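Tertiary structure, described
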Amino acid sequence: MRIALSQITTGPDPEQNLALLREQAHRAADAEARVAVFPEAAMACFGTPLAPLAEPLDGPWATAVRRIAEETGLVVVAGMFTPAPDGKVANTLLATGPGVEAAYDKIHLYDAFGYAESDTVAPGSQVVTIDVDGTRIGLATCYDVRFPELFRAHADAGAVLSLLPASWGAGPGKREQWELLIRARALDATLWLAAVDQADPAASGTPTASNAPTGIGHSAVVGPDGTVRQRLEAGPGMLLADLDFAEVAAVRRAVPVLANRRL
């Protein structure tokens, strides 16, 4: 399966971001990708008041993403915000395309490094997988990567690939943590992991003035043995990767950590 990871910098305007998604999705389709994955907060960047922008899954923004999927024949995965109780939003991944319609609400909220995502975002509670051409794929978002049990839950559900859209917070040591964590989660669950971050705004020519997590780039595809197969740098770009899912079975035979676990 060929997948496309679109490392972009989104801004506060959902319509402008939608135009960027459309352009990138057509580029991915031209490259014969089957799945196009966009970052967390593809609808609107963090640092933007989210509640006024949040829309339901049958609202105009999600409907436009479905139209992009129809135009291109791709399965599109993109981060958006949907309404939640008490004036909060859910940090939602929409997955849509031929034979696919699902949504994952981020379970683990980024209450760390001086930022409190839970002030404005309500946590999800459900593990979500999708099936694309008979291949099961797990969905996770950003801070979820610090919780290996979610990725093992993907594997237990039959997934051989986890998708991890993110808008990673910058700071000392954060790139090193990102790279360590995405490799560790692939190895924990012995599956492919495709991690697509927002591009570093500075590298995109969009300086930020807040401590909101707006991305550092360095999207990557990690094999089920924990090795990085492809990666991007800090700036905008598209990563195209051909994944051989037979590798998952081979690694699980050699390193049967899922079968051997006791807890």
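Conventions we followed
The residue numbers shown here count from 1 along each chain, following its written sequence. With the structure being a predicted model, the display of local features is reserved for residues of pLDDT at least 70 and the display and counting of side-chain atom pairs for 80 or more, all residues being used for whole-chain, interface and lining totals. Each side-chain value is derived from all of the structure's non-hydrogen atoms; neither hydrogens nor water enter the calculation. Numbered from the N terminus, helices here are DSSP runs of H or I no shorter than four residues, and strands are runs of E no shorter than two. C-alpha atoms define the radius of gyration in this analysis, and the globule rule sets the expected value at 2.2 Å times the number of residues to the power 0.38. Here's how the labels work: a residue is buried when its accessible area is under 20% of the maximum for its type, exposed when over 50%, partly exposed in between, all with a 1.4 Å probe on protein chains only. The criterion used for residue contact is that any of the two residues' heavy atoms lie within 4.5 Å. Every accessible area reported is derived by Shrake-Rupley at a probe size of 1.4 Å, with residue values counting cover from the shown protein chains alone. A residue counts as positive if it is Lys or Arg and as negative if it is Asp or Glu; His and the chain ends are not included. Charge coordinates come from a single atom per side chain, which is NZ of Lys, CZ of Arg, CG of Asp or CD of Glu. Following DSSP output, two strands are said to pair if at least two bridges run between them. Axes here refer to lines fitted to C-alpha atoms; in helices the fit is confined to the stretch in contact. Angles between the N-to-C directions go from 0 to 180 degrees. Working definition: roughly parallel below 35 degrees, roughly antiparallel above 145 degrees, roughly perpendicular at 65 to 115 degrees, and oblique for all remaining angles. The sense of a crossing depends on the near helix, which, turned anticlockwise from the far helix by less than a right angle, makes the crossing left-handed and, turned clockwise, makes it right-handed. Any residue that is not Ala, Val, Leu, Ile, Met, Phe, Trp, Tyr, Cys, Pro, Asp, Glu, Lys or Arg is counted as polar, Gly included; the first ten are nonpolar and the last four charged. Salt bridge, as used here: a side-chain nitrogen of Lys or Arg that lies within 4 Å of a carboxyl oxygen of Asp or Glu. Think of a polar contact as two N or O atoms within 3.5 Å of one another; within protein, one of them needs to be a possible hydrogen donor and the other a possible acceptor, and neighboring residues in sequence only count if both atoms come from side chains.

Moving on, we get to the overall build of the protein chain. Looking only at helices and strands, the protein chain has six helices and 15 strands in total. Here the C-alpha atoms of the protein chain give a radius of gyration of 17 Å, agreeing with the 18 Å that 2.2 N^0.38 yields for 263 residues. C-alpha atoms of the protein chain, sized along the principal axes, occupy 50 × 40 × 35 Å. Residues classed as buried in the protein chain amount to 57% of the 263 residues present. Considering only intrachain contacts with a sequence separation of at least 6, the fraction spanning at least 24 residues in the protein chain is 68%. Accessible surface, the protein chain as shown: approximately 10500 Å² in total, 53% of it carbon and sulfur. The distance from the centre of the 21 positive side-chain charges to the centre of the 31 negative ones in the protein chain is 7 Å.

One can find Thr135 in strand S10 (residues 135-139). The class of Thr135 is buried, set by a relative accessible area of 13%. Dropping the residues within four chain positions of it, Thr135 is found in contact with Met1, Ile130, Val160 and Phe245.

One open sheet accounts for six strands, arranged S9-S10-S11-S12-S13-S14; its pairing is mixed. Whereas interior strands pair on both sides, the edge strands pair on one side only; in this sheet they are strand S9 (129-132) and strand S14 (228-231). Each strand axis lies, on average, 20° off the axis of its neighbour in the sheet, ignoring direction. With three bridges joining them, S10 and strand S11 (residues 161-166) adopt parallel strand pairing. The residue bridging Gly138 from the neighbouring strand is Ser162, located in S11. Set on the sheet, helix H3 (residues 148-156) makes contact with S9, S10, S11 and strand S12 (192-197); between it and S11 the angle comes to about 145°. Set on the sheet, helix H4 (residues 174-189) makes contact with S11, S12, strand S13 (220-222) and S14; between it and S12 the angle comes to about 150°.

This part covers the packing of H3 against H4. Two elements in contact, H3 and H4, have axes separated by 9 Å at closest approach and are oriented at 40°. Considering their axes alone, H3 and H4 lie oblique with respect to each other. Read as a crossing pair, H3 and H4 show a hand that is right-handed. On H4, the residues touching Pro148, Phe151, Arg152 and Ala155 of H3 are Arg185, Asp188 and Ala189. Here the contact of H3 with H4 is composed, by residue class, of four nonpolar, no polar and three charged.

This paragraph deals with the pattern of salt bridges. All chains considered together, the criterion is met by 13 salt bridges. Among the salt bridges present, the one from Arg66 reaches Glu101, with a minimum N-O distance of 3.0 Å. Placement of Arg66 in helix H2 (residues 60-72) and of Glu101 in strand S5 (residues 100-105) is noted, with a sequence separation of 35 residues between them. Under the relative-accessibility criterion, Glu101 is labelled partly exposed at 46%. Taken together, the shared-partner salt bridges in this structure form one network comprising Glu40, Lys106 and Glu117.

Our focus in this paragraph is the side chain of Gln24. Position of Gln24 relative to the elements: it lies in helix H1 (residues 14-30). Within the structure, Gln24 has its side chain in polar contact with the side chain of Ser6 (distance 2.6 Å). Residues in contact with Gln24, not counting those within four places in the same chain, are Ser6, Ile8, Phe38 and Met238.

Before going further, it helps to examine the environment of Glu55. Looking at where Glu55 falls in the secondary structure, it is placed in the loop between strand S2 (35-37) and H2. Between the C-alpha atom of Glu55 and that of Glu101, which follows or precedes it by 46 residues, the distance is 17 Å. Apart from the residues lying within four places of it in its own chain, the contact partners of Glu55 are Met43, Pro60, Trp61, Ala62, Met80, Phe81, Thr82 and Pro83.

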